[in-house]
Amino acid sequence: MDNLIEDLDIITDQGDAEACETIQVSKNSDTGKNRKLYIESYGCAMNFSDSEIVSSIMSENGFDTTSIAEEADVIFINTCSIRDKAEQTVRKRLQFFNALKKKQKRPDIMIGVLGCMAERLKSNLLDEEKIVDMVVGPDAYRDLPALVAQVDNGERAVNTFLSREETYADISPVRLNSNGVTAFISIMRGCDNMCSFCVVPFTRGRERSRDPHSIINEAKDLFEKGYREVTLLGQNVDSYKWSAEINNKAQLEKSEISEVVNFANLLEMVAQVDPMLRVRFSTSHPKDITDEVLYTIKKYDNICNYIHLPVQSGNSRVLEMMNRTYDREWYINRVDAIRRILGEDCGISSDMIAGFCSETESDHKDTLSLMEYVQYDFSYMYYYSERPNTLAEKKYEDDVPLETKKRRLSEIITKQQETSLNRNKRDLGLVHQVLIEGASKRSEDRLQGRNSANKVIIFEGKGHKKGEYVDVLVEECTPATLLGSIVEGGTHKC
Ligand code: SF4
């Protein structure tokens with residue numbers, strides 16, 4: 001088992017402060033179209049899913065995708081704006097593409113900035129970054145072909161209109177860099193919560209839910225293509241609400257309409273596509289997650305026993321300043337409901353922010369004690385980064401010194417490493433059903449996949465291939481990974 005150790009450090013960076021720097025690059029697709037598109041995507045799964053929508057729209061308008069920027073006629077950067085660092089990364093990439101255009105003697109390469117940073121800065125980005133030809137917000141991707149034509153005519157182009165209806169439901173995504181086994185399906189867009197530290201409501205607009213039938217069709221299509229797991233995506237999946245009459249949430253809530261599809265209903269509909277199709281979802285919100293959703297997870301073996309439930313802080317006073325609309329007691333009540341209905345094995349992960357405005361040492365201790373109580377499997381952990389035009393920037397002083405923020409963050413990371421290891425030790429000697437996602441990152445003869453609780457498992461996999469379900473006996477673990485061997489025909493825990 002020791003030689004498996006070297007496979008581990010790739011995964012241990014899950015949950016450290018740089019998670020928002022995750023990047024995805026378009027793949028090569030040569031179908032003989034005239035022009036080439038290169039897309040670089042940053043940030044969250046929602047952005048990756050959007051880049052697949054963008055690729056689909058562009059492929060309908062004469063573009064193949066490429067994984068080599070030098071080959072491209074058009075370069076898109078799909079950006080994240082959740083932290084200042086994410087935007088600094090984009091500005092550095094723009095300098096890189098500027099140098100690339102000069103080196104390649106290709107002044108004609110078109111540069112477009114998409115996503116949350118585009119929406120936040122709008123046309124100001126054209127003034128700040130002269131290399132940028134177009135700025136396009138998350139709800140304006142249908143307009144891309146017209147905007148490209150505008151730039152082809154020598155103009156610069158901007159469209160950052162935020163919609164109350166747009167869900168791109170009728171556009172089938174072009175899977176970028178997919179392992180062919182797992183895929184994201186976006187079920188809604190925008191967010192109506194106004195957490196005081198967050199830019200998302202300003203960069204992605206009001207909530208709107210996608211037609212469930214188009215979601216089911218996408219899941220069926222993916223299953224027929226060999227995918228065996230879908231993750232339903234939304235900023236706050238628990239407030240998914242759709243009706244055939246009105247798909248404008250504000251109007252729907254004012255209406256008498258009772259025929260509404262809520263998140264528990266949608267989960268059940270996706271689970272019924274095929275028992276061999278695993279269903280995951282992200283992100284849940286503590287104020288909206290219902291027992292109905294938990295009982296639906298319990299009812300279907302193929303709905304994974306895992307919930308991402310961001311808490312952000314363990315202190316009620318800080319949660320109120322964050323405008324999270326729940327307090328420590330409410331959050332614990334939700335965790336207790338998860339443990340009661342789905343058992344101790346249900347995987348729970350979270351988001352943590354260290355050093356929010358006016359956070360005291362004892363407030364910070366409340367976060368550590370809540371982590372001790374919940375025993376998270378893993379978390380995404382950051383220190384507070386003030387964002388322009390957010391409620392917090394307007395109302396509160398960013399008064400926790402950077403050194404204190406960093407020290408508190410490292411204490412949270414240490415606590416998380418501790419609880420992750422405790423949680424993984426519980427799996428030693430158990431057999432888990434694992435969906436193989438591919439070769440482990442360090443060696444072709446080893447395979448990796450995840451169990452229902454979203455834990456990464458690495459094992460020897462001779463004779464098995466991705467997309468298969470296998471039973472794996474867990475023999476060793478680290479804070480981030482389980483290690484084991486395949487058990488042919490063993491009894492298993494789904
Ligand atoms: S729930 Fe809060 S943190 Fe999450 S996207 Fe919405 S506003 Fe941002």
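Draft legend 1. Structural view of the overall build of the protein chain. What the protein chain contains, in helices and strands, is 16 helices and 22 strands. Computed over C-alpha atoms, the radius of gyration of the protein chain comes to 23 Å, within 12% of the 23 Å expected from 2.2 N^0.38 for 494 residues, which places it in the range of a compact globule. Overall, the protein chain is about 65 × 55 × 50 Å in size when its C-alpha atoms are taken along their principal axes. Counting only residues that meet the buried cut, the protein chain has 58% of its 494 residues in that class. Within the protein chain, residue pairs in contact and separated by at least 24 positions form 73% of the contacts whose partners lie at least 6 positions apart. When the accessible surface of the protein chain is totalled, it reaches about 19,800 Å², and 51% of it is carbon and sulfur.

Draft legend 2. Expanded view of the pairing of strand S14 (residues 278-282). Across the 5 residues of S14, 5 count as buried, placing the element largely inside the fold. Bridge analysis of strand S11 (residues 229-233) against S14 gives 5 bridges, and the strand direction is parallel. Counted as the bridge partner of Leu-233 is Ser-282 from S14.

Draft legend 3. Region of interest: the sheet that holds strand S16 (residues 347-354). On the basis of which strands lie adjacent, the open sheet formed by 3 strands has the order S15-S16-S17 and parallel pairing. Edge strands, defined here as strands with exactly one partner in the open sheet, are strand S15 (306-308) and strand S17 (378-383). Averaged over all neighbouring strand pairs, the angle between strand axes comes to 10°, with direction disregarded. Judged from the 3 bridges that link them, S15 and S16 form a sheet pairing that is parallel. What sits directly across from His-308, in S16, is Ser-349. Of the strands in this sheet, S16 and S17 touch helix H16 (residues 402-425), which is tilted by about 175° from S17.

Draft legend 4. Structural context of the side chain of Asp-363. Mapped onto the fold, Asp-363 is located in helix H14 (residues 361-374). Using a relative accessible area of 5% as the deciding quantity, one classes Asp-363 as buried. At 2.9 Å, the side chain of Asp-363 and the backbone nitrogen of Thr-360 are in polar contact. Aside from chain neighbours lying at most four places away, what touches Asp-363 is Asn-315, Arg-317, Val-318 and Ser-358.

Draft legend 5. How the structure looks around empty space enclosed by the protein. Using the criterion set out here, one finds 2 cavities of 30 Å³ or more in the structure. Each pocket or cavity is described by its volume, and for the largest cavity that value is around 60 Å³. Ser-49, Ile-53, Thr-167, Tyr-168, Ile-171, Pro-173, Phe-184, Ile-185, Ser-186, Arg-210 and Glu-218 together form the lining of the largest cavity. Counting residues per element, the ones that place at least two in the lining of the largest cavity are helix H2 (45-59) and strand S8 (182-186). No other element matches S8, which puts 3 residues into the lining of the largest cavity. In the lining of the largest cavity, the residues fall into 6 nonpolar, 3 polar and 2 charged. The space that makes up the second largest cavity amounts to roughly 30 Å³. Contributing to the lining of the second largest cavity are Met-194, Cys-195, Ser-196, Cys-198, Pro-201, Phe-202, Thr-390 and Leu-391. A per-class count over the lining of the second largest cavity returns 6 nonpolar, 2 polar and no charged.

Draft legend 6. Structural detail: the sheet that holds strand S20 (residues 456-460). Here we have 5 strands rolled up into a closed barrel, ordered S18-S19-S20-S22-S21, and mixed in their pairing. Adjacent strand axes in the sheet meet at a mean angle of 50°, parallel and antiparallel pairs treated alike. Alignment of strand S18 (residues 431-439) against strand S21 (residues 469-477), held across 5 bridges, turns out to be antiparallel. Residue pairing in the sheet places Leu-435 in a bridge with Tyr-469 of S21.

Draft legend 7. Quick look at the nonpolar core. Core analysis: the largest hydrophobic core is formed by 69 residues, its most contacted members being Leu-232, Phe-263 and Ile-307. Broken down by element, this core gets its largest block of residues, 7 residues, from helix H13 (residues 328-342). Sequence-distant contacts of Phe-263, that is, excluding residues within four places in its chain, are made with Ile-187, Leu-232, Val-237, Asp-238, Tyr-240, Phe-281 and Val-293. In this structure, Cys-80, Phe-97, Ile-109 and Ile-131 belong to the second largest nonpolar core, which totals 23 residues.

Draft legend 8. Geometry of the domain arrangement of the protein chain. Under the domain assignment used here, the protein chain contains domain 1 (2-159), domain 2 (182-425) and domain 3 (431-486). Of note, the centres of domain 1 and domain 2, computed from C-alpha atoms alone, are 26 Å apart. Contact with domain 1, which involves 22 residues of that partner, is made by 24 residues of domain 2. A combined buried area of about 2,100 Å² lies between domain 1 and domain 2, and 55% of that area is made up of carbon and sulfur atoms. Counting only elements with at least two residues in the side of domain 1 that touches domain 2, the list comes to H2, helix H3 (84-103) and helix H4 (116-121). For the side of domain 1 that touches domain 2, the element with the most residues is H2, which contributes 6 residues. For the side of domain 1 that touches domain 2, the class distribution of residues is 9 nonpolar, 5 polar and 8 charged.

Draft legend 9. Just the packing of aromatic side chains, in detail. Tallied over the full model, the rule gives 10 aromatic pairs. Put simply, the rings of Phe-197, Phe-356, Tyr-384 and Tyr-396 touch in pairs and so form one group of aromatic residues. Between Arg-93 and the ring centre of Phe-96, over which it is positioned, the NZ or CZ distance is 4.4 Å.

Draft legend 10. Quick peek at the packing of helix H11 (residues 291-299) against H13. Direction vectors running N to C along H11 and H13 enclose 25°, while the axes themselves pass 10 Å from each other. Of the possible angle classes, the one that applies to H11 and H13 is roughly parallel. Considering the relative orientation of H11 and H13, their crossing is right-handed. Listed contacts from H13 to Asp-291, Leu-294, Tyr-295, Ile-297 and Lys-298 of H11 are Arg-334, Ala-337, Ile-338, Arg-340, Ile-341 and Leu-342.

About the thresholds
- Residues numbered from 1 in each chain as written.
- Predicted model: local features only at pLDDT ≥ 70, side-chain atom pairs only at ≥ 80, totals over all residues.
- Heavy atoms only, no water.
- Helix = DSSP H or I, 4+ residues; strand = E, 2+ residues; numbered from the N terminus.
- Rg over C-alpha atoms; globule rule 2.2 N^0.38 Å.
- Buried < 20%, exposed > 50% of the residue type's maximum accessible area, 1.4 Å probe, protein only.
- Contact = heavy atoms within 4.5 Å.
- Areas by Shrake-Rupley, 256 points an atom, 1.4 Å probe, with all protein chains shown as cover.
- Pairing = 2+ DSSP bridges.
- Axes fitted to C-alpha atoms, helices over the stretch in contact; angles between N-to-C directions.
- Polar contact = N/O pair within 3.5 Å; in protein donor to acceptor, adjacent residues only side chain to side chain.
- 1 Å grid on protein atoms, 1.4 Å probe; cavity = no way out; pocket = protein on both sides within 12 Å on 5 of 7 lines; lining within 4 Å.
- Points joined across faces, edges and corners; volume = space filled by probe spheres on them.
- Nonpolar A, V, L, I, M, F, W, Y, C, P; charged D, E, K, R; others polar.
- Core = buried A, V, L, I, M, F, W, Y, C linked by side-chain atoms within 4.5 Å.
- Domains from an automatic or database assignment.
- Buried area = accessible area lost by both parts, 1.4 Å probe.
- Phe/Tyr/Trp six-rings, centres within 6.5 Å; stacked < 30°, edge-to-face > 60°.
- Lys NZ or Arg CZ within 6 Å of the ring centre and 35° of its normal.
- Parallel < 35°, antiparallel > 145°, perpendicular 65-115°, else oblique.
- Left-handed = near helix turned anticlockwise from the far one by under 90°.

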